[in-house]
Each structure stands twice: as structure tokens, then as C-alpha cells.
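Inside the fold
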Amino acid sequence: MDAFWHFAKRMTRYRRLMIFGGLCALISAGGMGAGIIAIKPVLDTVLEPGHQGLPQIVSEWNTAEDGFLTGRISQSFIDGLPTGAFVAVAWMMGVLGILTLIGSLANFLHQYCALTIVHRTIAMIRREAYDRVLHLPLKTVVEEGPSDAISRVVNDTEMLGIGFVAMLSKAIAQVTKGLAALIAAFFIHWQLALIAIVVMPLLAVIIRRLGKRILRASTGALTARAGLFRAATEALQGLRVVKVHTTERYEAGRFGKINKELLHQQLKIRTARALASPLVELMTVFTLGGLMVLAAKLILDGNLDKSVFFSTLTALGIAAASIKPLTGLLNDMQASRAAAERIGRLIGQETEPGHDAALPKLTRHHERLVFENVSVTYPGQTRPAIDDISLTIRHGETVAFVGPNGCGKTTLLSLVPRLFDPDIGRLLVDDSDIAKVRVRSLRRQIGVVTQEVVLFKGSIRENIAYGSPNATDKDIAEAARRARAEGFIAEMPQGFDTPVGEQGLTLSGGQRQRIAIARAILRDPEILILDEATSMVDSESEEHIGAVLKDFCLKRTTLIVAHRLRTVLSADRIVVMNAGRVVDTGTHDELLERCQLYRQLAAGHLAGLGSDAGVDTRLDQH
Ligand SMILES: Nc1ncnc2c1ncn2[C@@H]1O[C@H](COP(=O)(O)OP(=O)(O)OP(=O)(O)O)[C@@H](O)[C@H]1O
Ligand SMILES: [Mg+2]
């Protein structure tokens, strides 16, 4: 089914409001139709010399050949009506006034209901889309870029809402009004009205053609808008880099290019949109003009009443005026169809596996962590990032992973919290395959600190407690103390309540890392993953943190990627990796003796230590 209708169907959740709103639209249109029908008797009364007023009008209805009211009105009722042309007009206007009042109220209620339904439904869809994004596999988001997803959740839902408003609020009002006017026209003089509607099919063809064009260009425009979003976010998030590299012009150019594409697509829509209204106008004017000529002929031949002519034309004119905005509204709906398709594709994407409530939970890790012949090849790559690695790690063991850049350390450790699945092989925690348990129960047992610390806008306290909603202030302070973060936090103007800027930009790299370590400590994980967790911490603090972590890691399985020898030395076992494979494992001394690569790595490090007092003692500079 068309994505637009798929989402539009969500509005039926508010069925009662919809029915009430629809009724109101009908009442509003009916009021207008009655008004149109009343034009003829008013004209008759005023134009006809010696008109008796209400009694004459009503008895004409009573004696009409095949009218709805023929013979239904009692003579005594007619005799009781006030006479006089002016009184009749005043009465009719009074009744019309009341009808208009009711019509306006109904119109208000219709719009009110329609907007309520649309905004509530869109809020629901937005929420659903966002939920979906959060549950997408990491791989999908990394590949397609987060800004595209953000754009779909924020911009495209807005666009969809515009289409819904066009449909439910404006289009329905216009259609019911147009129909009421048409019915009134038929009521007054059906032959003339029939001629007028022969142009309808032609109108439909025009609208369809324009609509198709708009749909196509709208898809392009939405994609371009997502691109704008991406370019702007990237540049502004990396504003430091942009400024230092003086690439403002380059960035402006990049933005400009996408901006031009958006403009191009919008200009395509412009032609179609701009054409819609004049085309319809032209057609209606010509039709009405033709009818005028025809009617003039009939009047001159004495075959048509002047009042009938006027009121039919008025009715048809109103019908045409109601149909005219319809083209624009249909175009709005076309544009929102493009948005619906983009959101539909996002929501239709497969979510991350492992969230099925039927899956068993992983019990608290207490035995071992096993990598069983795992291999990972990133999409689009020919060489595997991880190539058939098997490794068994005892509970409570601290294992350090060393190796040159790009050898696959981060990739290997990302398999543990199941950020993605290996292509071949499996991971076992205490003999349970992690692909067969609830992923939440696995991740709850894992604490991760990486080089790129992600902090959220909020206070330092909130950032430390992120993911541990039940932590007390005391727990938080204790975790901060153990991560050696209490010192700098105490110096902050508001201590733990000091707000952290977006992405934690108001803190230094080392401070951010220490907050991340406190966050991991607070979670009290069974498995701790430290991927260059202390790379930005100064060496004195690192020594402190190292001591703390040593104590903290004692009864936990700890996987460390480190570039500093000191950290590596504290591990129970060292795994040397190269090009996606494990080259050797053992203790520092064993490896020094037998592993060439390790000797190289350590030698590079030791040289660094000698020249630079250990401030930057990176293992993998070779
Ligand atoms: N999202 C990705 N898409 C494609 N290839 C990737 C992706 N992430 C990593 N790679 C590739 O996989 C290989 C292993 O990367 P990984 O990040 O695991 O290395 P690493 O050992 O952690 O390196 P470093 O010491 O620099 O942190 C690299 O060759 C890298 O180019
Ligand atoms: Mg890495």
C-alpha cells in the first residue's frame, strides 16, 4: 500500500473525532448550500413587482409541479405568514444569518477536530520513527549517516503533517463546500449544472499530471534537505577543525552545492505548483463564460428566469471557487507522499536483533568469555577486519590487546556488547551464545570506556549516572572519586551540578574520559571494556586511575586496548594482534622473548619513554 495511506490510516485511531469533524464539515457546507438556494426567492421577491412576500414563496413551493414540498404545507400555515416583500427579505436574511452562524461554528469545530487528529497522529509517527532509529543496527546508522535519519524523523514527519492537514482539514472543507454548491446548482437548474460538470474529467487529468511531477521533485527535495542537514551538522560539530584548517569556504561551497540541488528541485515543483491555480481558474472562467452565453440565449428566448440564471451562476461560481484551492491541496498531499515514503522506508528497516522478549536472559557472567573462530568483514571491504580469531578469557582476567593501528582491536571488542555480529563464528559468555540471549541482559553487564567519550547536555551528575537511573548521589560521588574525577569536579563552579555543554565540549578530553570511567564504574559491570580509555588522561592521573582500575578490575573480566606500556604491564595476559589475526598471547616477558611484533611495539614504546619522560608512551607508533 502507498506509504501515505498507510500512515493516514493511523488517523482512524481517532474515529469518533473524525466522524464528528466530518459531520461538522457537512453541516458547514449544508449551511452554505441553503444560503445559495435562498438567493433565488430573495431575488424573486425583490425583482418581481407586487410580490406578496413569504405567503407567495411558500405557496409556490406547495404548488410546484414535482417539488420536495409540493402539497405538504397546510394552507393555514401559509395564511399565518407575515406578508410584504421587505418583511420576507428580512426574514430570509435572518434565517440565513442563523444558518451562517451555525455553519461557521461547524466549520470551526471541523478544523479543530481535524488539526487535533493530524497533530496527534504526526506526534505518534514521529515517536515511532525515532524509536525505530534508536533500535536500528549500529551498522545501518553508521553506513547511512545519522543526519539522514534525523532528517526523516524531524523534517519528513513535518511534511507528512502538512499533507494530512491539507487532506483532512482543508480538502474536506473545500470538497464538501464544492459539492454543496453543485447540489444547490442542480437543485435550481439541473441542466445548466450538468453542462458545468463536464469539465471535471479534464480537471482531474491536469491535477494528476501536475501531481506526478510534484511527487518526483518532492522526493529529490527531501533528500537534498537531508543533505543540507548533514553538511551543516558536520561542519558545525567540527567547527574547531574547520576554523583551524581555514576551510570555511570549502564548507560553504559544500553546503552551497546541496543548497543549489534543493533549489533546483524546488524550482521544478514551482512550475507545477504555479501552473495549477491559473489552469483551473482559466477552465472555470471559460466554463462559466460559456454557460453565460448559453443562459443569455435561454433568457432572451424567454425560456429561463433571471433569478434562476443568477442563482445558478452563483452556485457554480462558488463550486468553482471551492475547487480551485483543491489543486494546491492535492499538490501538498503529493509532496507529503514523498515524505511518507521516506519515513516508511525508515520504519520498515530491520531493527537490531536480540530485543525479542521471548529470548532468555543472560545470567550474571561468572565463568568465561569465548571468541569462537570469529571473522568480520565490513561491508564494501575485501579484507576481513577480524580474521578467524579464537580466544578464551577467564572471568576476572585482565587481557590487554596490542597491535598496530587498524589491526582490528576496536572491531573485536565491539563484538562483546554485540554492537554488531560476526559474519562467521560466535561469542560465548559462560557457554551461552550471545546471539541467543536478550541483548539488554548482555549489555547491562558491560561497561565501556572509549577514546571518544560521548557526553550529553546535562549536569556532570546526570552524565555520570547515565544508564544507571537508580544511582544515589552517594554512589555517584564514590564513582567519581574512584575515577579520580572528584578533584576537577569540586573545582567546577557548581560541582556535580555544573552543566556540560552539548557533546561535553566544555570539558577537556581527559576530564571527559574520567567522567566516562566514573560512568562505567557506577554501572558495576561484570565485563569492562577499556578502548584507549586513558589515552587523554595525563600520566600522573593515569597512574592513579590505573591503580583504581586494577582494584576495580579484580573480580571482573577486563578487556583493555592500550597504547601505554604501563597499562599493558598491569594485564594478566597480552594479546598481540596484526591485520585482523592474533599473532601471539602471553605475558610481557614471554612475548618479549618470542614475539617479534611485540618486541617492536615495546621497543618503540621504550624509546618514547626514554626521550619524553613517559608523557606520551604510545606502543603502536610503529
Ligand atoms: N565502519 C567501518 N567500515 C569499514 N571499515 C572499517 C570500519 N571500521 C573499521 N574499519 C576497518 O577495519 C579495520 C580494523 O579497524 P579497528 O577500528 O578495529 O582497528 P583498531 O585496531 O582499533 O585500530 P586503532 O589502533 O587505530 O584504534 C581497519 O582496517 C579499518 O579501516
Ligand atoms: Mg581502535
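Residues numbered from 1 in each chain as written. Chains lettered and ligands numbered in written order. Predicted model: local features only at pLDDT ≥ 70, side-chain atom pairs only at ≥ 80, totals over all residues.

**Some words on the overall build of the protein chain**
In plain terms, the rule: Think of it this way: any DSSP run of H or I at least four residues long counts as a helix, any run of E at least two long counts as a strand, and we number them from the N terminus. Our radius of gyration looks at C-alpha atoms and nothing else; its globule reference is 2.2 Å times the residue count to the power 0.38. Counting other C-beta atoms within 10 Å of a residue's C-beta gives its exposure: the residue is buried at 20 or more, exposed at 12 or fewer, and partly exposed in between, where C-beta atoms are placed from the backbone. Two residues qualify as being in contact provided that their C-beta atoms, derived from the backbone, are within 7 Å of each other.
Scanning the protein chain from terminus to terminus reveals 22 helices and 12 strands. In summary, the protein chain has a C-alpha radius of gyration of 38 Å against a globular reference of 25 Å for 622 residues, an excess of more than 25%. C-alpha atoms of the protein chain, sized along the principal axes, occupy 125 × 50 × 45 Å. The burial tally for the protein chain puts 37% of its 622 residues in the buried class. For the protein chain, the proportion of contacts with a sequence separation of at least 24, taken over those separated by at least 6, is 78%.

**Quick word on the domain arrangement of the protein chain**
Which entries qualify depends on this criterion: Reported domain spans reflect what an automatic or database domain assignment gives. Amino acids are sorted into nonpolar (Ala, Val, Leu, Ile, Met, Phe, Trp, Tyr, Cys and Pro), charged (Asp, Glu, Lys and Arg) and polar (every other residue, Gly among them).
By the assigned domains, the protein chain splits into domain 1 (3-228 + 260-348), domain 2 (358-445 + 527-622) and domain 3 (453-524). In this structure, domain 2 and domain 3 have C-alpha centres spaced 25 Å apart. Broken down by element, the side of domain 2 that touches domain 3 gets its largest block of residues, 5 residues, from helix H19 (residues 539-553). Residues that form the side of domain 2 that touches domain 3 fall into these classes: 7 nonpolar, 3 polar and 1 charged.

**A look at the site of ligand 1**
This is how the line gets drawn: Using a C-beta atom placed from the backbone, a residue is scored as near a molecule or strand whenever that atom is within 6 Å of it.
The immediate surroundings of ligand 1 are formed by Val142, Tyr378, Gln381, Ala385, Gly403, Asn405, Gly406, Cys407, Gly408, Lys409, Thr410 and Thr411. Among the elements that line the shell around ligand 1, the one with the most residues is helix H13 (residues 409-414), at 3 residues. Of the residues in the shell around ligand 1, the class split is 4 nonpolar, 7 polar and 1 charged.

**Side note on the packing of helix H7 (residues 146-188) against helix H8 (residues 190-197)**
Stated formally: Think of each axis as a best-fit line through the C-alpha atoms, taken over the contacting stretch in the case of a helix, with angles from 0 to 180 degrees between the N-to-C directions. Working rule for angles: under 35 degrees goes down as roughly parallel, over 145 as roughly antiparallel, 65 to 115 as roughly perpendicular, anything else as oblique.
Between H7 and H8, the least distance of the axes is 6 Å, while the angle of their chain directions is 140 degrees. Overall, the two elements H7 and H8 adopt an arrangement that is oblique. The residues of H8 that touch H7, namely those facing Leu182, Ala185 and Phe186, are Trp190, Ala193, Ala196 and Ile197. Each residue belonging to the contact of H7 with H8 can be placed in one class, and the counts come to 7 nonpolar, no polar and no charged.

**Observations regarding unusual backbone geometry**
A positive phi angle, near 50 degrees, is found at Asp430, a position not held by glycine. Here Asp430 lies in the loop between strand E4 (424-429) and strand E5 (432-433). On the neighbour-count criterion, Asp430 (15 C-beta atoms within 10 Å) is partly exposed. Non-glycine residue Asp431 carries a positive phi angle of around 70 degrees. Taking the number of C-beta atoms within 10 Å as the measure of exposure, Asp431 has 8 and is therefore exposed.

**Digging into the sheet that holds strand E2 (residues 386-394)**
Applied cut-off: Two strands are counted as paired when DSSP detects at least two bridges linking them.
The strand order across the open sheet formed by 4 strands is E2-E1-E4-E5, and the pairing between neighbours is antiparallel. Edge positions in the sheet fall to E2 and E5, since each of these pairs with one other strand and no more. Bridging between E4 and E5 involves 2 bridges; their strand directions are antiparallel. Residue pairing in the sheet places Val429 in a bridge with Ser432 of E5.

**Side note on the confidence of the model for the protein chain**
This is how it is decided: Per residue, pLDDT captures the predictor's confidence, and it can take any value from 0 to 100.
Looking at the protein chain as a whole, its pLDDT mean stands at 86, while 96% of the residues score no less than 70. When the criterion is pLDDT under 50, residues 606-622 qualifies, and its contacts beyond four places in sequence or with other chains add up to 33 contacts.

**Quick look at the environment of Leu43**
By secondary structure assignment, the location of Leu43 is in helix H2 (residues 15-47). Residue class for Leu43 comes out partly exposed when judged on the 19 C-beta atoms lying within 10 Å of it. Taking the C-alpha atoms as reference points, Leu43 and Ser307, separated by 264 residues in sequence, lie 5.9 Å from one another. Setting aside residues up to four positions removed in sequence, Leu43 forms contacts with Ser307, Phe310 and Ser311.

**Observations concerning the nonpolar core**
So the rule is basically this: In plain words, the nonpolar core is the set of buried Ala, Val, Leu, Ile, Met, Phe, Trp, Tyr and Cys residues that C-beta atoms within 7 Å link up.
Within the largest apolar cluster, 71 residues are counted, with the highest numbers of intra-cluster contacts made by Leu160, Leu168, Ala181, Ala185, Ala315 and Ala319. Only helix H1 (3-8), H2, helix H5 (85-134), H7, H8, helix H9 (200-237), helix H11 (248-300) and helix H12 (306-348) provide two or more residues apiece to this core. With 18 residues, the single largest contributor to this core is H7. Setting aside its immediate chain neighbours within four residues, Leu168 contacts Met11, Ala114, Ile117 and Val118. Of all hydrophobic cores here, the second largest spans 68 residues; its members include Leu369, Val416, Ala465 and Val582.

**Considering H11**
As a reminder of what qualifies: The span expected for a helix works out to 1.5 Å for each residue beyond the first. The quantity called bend is, for any residue, the angle between two axes fitted respectively to the seven residues ending at it and the seven beginning at it.
Taking 1.5 Å per residue as the helical rise, H11 with its 53 residues ought to reach 78 Å, and the 76 Å between its terminal C-alpha atoms agrees with that figure. At Ala276, H11 shows its largest bend, some 25 degrees, and a proline, Pro278, comes one to four positions later. All of the buried residues along H11 are Gln265, Ile269, Ala272, Arg273, Ala276, Val280, Thr284, Thr287 and Ala295. The inward-facing, buried residues of H11 contact H8, H9 and H12. One or two positions beyond H11, positive phi appears at Gly302, with a value near 75 degrees.

**Description of the sheet that holds strand E11 (residues 573-578)**
Spatially, E6-E9-E10-E3-E11-E12 is the arrangement adopted by the 6 strands of the open sheet, whose pairing is mixed. In this open sheet, the two strands that pair with only one neighbour each are strand E6 (446-449) and strand E12 (581-586). Strand-to-strand twist across the sheet, computed as the mean angle between neighbouring axes with direction ignored, equals 15 degrees. Inspection of the sheet shows E11 paired to E12 by 5 bridges, in the antiparallel sense. Each residue of the ladder has a partner; that of Asn578, found in E12, is Arg581. Relative to the sheet, helix H18 (residues 509-523) contacts E6 and strand E9 (527-531), its axis offset from that of E6 by approximately 175 degrees.

**Quick notes on the environment of Asp332**
Looking at the secondary structure, you find Asp332 in helix H12. When the C-alpha positions of Asp332 and Ile39 are compared, they lie 34 Å apart, and in sequence the two are 293 residues distant. Ignoring anything within four residues of it in the chain, the contact list for Asp332 reads Ile162, Gly163 and Ala166.

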